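Commentary on secondary and tertiary structure
Here is how the chains run, residue by residue.
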Amino acid sequence: MKFLDKMERKFGRYAIPNLSMWLIVGYLIGYVCYYVPFLRPVLTFCMLDPAAVMHGQVWRLITWVIMPPSYSNILFYAIMLLLYYQLGSALERNWGSFRFNVYIIGGVIFTAVGVMILYAVLWAIGSPEVLYMGRFVSTNYINMAIFLAFAMCYPDLQLMLYFIIPIKMKWMAIFYAALIAIDFFSSTWTGRIVILMSLANFLIFFFSSRNFKRMTPHEVKRRRDFKRGVRQPQMRRADGQLYKHKCAVCGRTELDDPTLEFRFCSKCEGYYEYCQEHLFTHRHIKRN
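So, here's what we can say about the structure. (Residues numbered from 1 in each chain as written. Predicted model: local features only at pLDDT ≥ 70, side-chain atom pairs only at ≥ 80, totals over all residues. Heavy atoms only, no water.)

Structural notes on the overall build of the protein
Counting secondary structure elements, the protein contains 12 helices and 6 strands. Relative to its 288 residues, the protein shows a buried fraction of 40%. By sequence separation, contacts in the protein at least 24 residues apart represent 59% of the contacts at least 6 residues apart. When the accessible area of the protein is evaluated, it comes to approximately 17,500 Å², of which 65% is carbon and sulfur surface. (Helix = DSSP H or I, 4+ residues; strand = E, 2+ residues; numbered from the N terminus. Buried < 20%, exposed > 50% of the residue type's maximum accessible area, 1.4 Å probe, protein only. Contact = heavy atoms within 4.5 Å. Areas by Shrake-Rupley, 256 points an atom, 1.4 Å probe, with all protein chains shown as cover.)

Focus on the state of the cysteines
The full count for this structure, using the stated rule, is 0 disulfides. Here C250 stays free of any disulfide, with the sulfur of C247 as its closest cysteine sulfur at 3.6 Å. Residue C250 is classed as partly exposed on the basis of its relative accessible area of 33%. (Disulfide = S-S within 2.5 Å.)

As for the nonpolar core
If you look at the biggest cluster of nonpolar residues, it comprises 54 residues, and the most contacted ones within it are L91, W95, Y103 and F147. Going through the elements one at a time, α2 (19–35), α6 (74–95), α7 (97–125), α8 (140–153), α9 (169–186), α10 (189–198) and α11 (200–207) are the ones with two or more residues in this core. The element that contributes the greatest number of residues to this core is α7, accounting for 11 residues. Filtering out sequence-adjacent residues up to four positions away, L91 remains in contact with G96, F100, I146, A149, F150 and C153. (Core = buried A, V, L, I, M, F, W, Y, C linked by side-chain atoms within 4.5 Å.)

Here we look at α6
With 22 residues, α6 extends 31 Å from end C-alpha to end C-alpha; this agrees with the ideal 32 Å at 1.5 Å per step. Inspection of α6 places Y77, M80, L81, Y84, L87, G88, S89, A90, L91, E92, N94 and W95 among the buried residues, and these make up the whole buried set. Immediately downstream of α6, the backbone of G96 shows phi near 100°, a positive value. (Expected span 1.5 Å × (residues − 1).)

What to know about the pattern of salt bridges
All told, the structure shown has 2 salt bridges when counted by the stated rule. In this structure, E277 and R252 form a salt bridge, with 3.1 Å as the shortest nitrogen-oxygen distance. A residue pair is termed long-range when its members are at least 10 positions apart, and E277 in the segment after β6 (273–275) and R252 in the loop between β4 (242–243) and β5 (262–264) qualify at 25 residues. Judged by its relative accessible area of 47%, E277 falls in the partly exposed class. A salt bridge links E261 to R263; the nearest nitrogen and oxygen atoms lie 3.8 Å apart. Look at E261 and you get partly exposed, because its relative accessible area is 44%. When its relative accessible area of 45% is taken as the criterion, R263 is described as partly exposed. (Salt bridge = Lys/Arg side-chain N within 4 Å of Asp/Glu carboxyl O.)

If you want it as structure tokens, here you go:
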């Protein structure tokens, strides 16, 4: 997380705002090309075909992101596109545009690199799978990564499944994780690499971090409120002198003893400041 903080300070201005909208626009282009017969060859030239990439068609390393996930009917397409737009937008608001960009673009890069490495291995051993690898590559598991990330941040959020059945995000995430595991073990090597690399961003963001809880909405709001609370103006004592720090236990300020150090307690509910003698010995204030 510290590395991402440094990267955000340096490159955050280059982040693409509202990236979820651009993903949905790409999916819509892919769906139009699929349902309009004379435009279907466009999808053929956009899919991630490693053999074509090796022959100079390098644009496929990027354009494959318009390959839409395969769903059963147009109505379900519309529902899922709206759902993923809402989930992605919520994550971007919670994390910020830069981190959300890293999360999504990281999944795209991992997938492309993984498929190209697998192609080299299969080509070296003469496997016939190299002839149809591009058919297995889509953004389906990139969307799964968005869903799983949202479920980790909002585990108790309740959705209405099929607009009827109330179910919490954490149970849906467990169900989808089981489906992903089934797909992984029943797929070809190309399919397995696509699944693994598309979800690599999720694994890196949440399981390599010891403190992923800090990215939940509750923690983000708590830190924001805490920082806002500590930016307090100067206050005036009864004798007219101005002070900035005052211990909530003993009432001493920096005017009483210039060597005193003051800290806010993040466990107290509110903005309470304590001197060094009472920071670890006071009773935490909880609101009823």
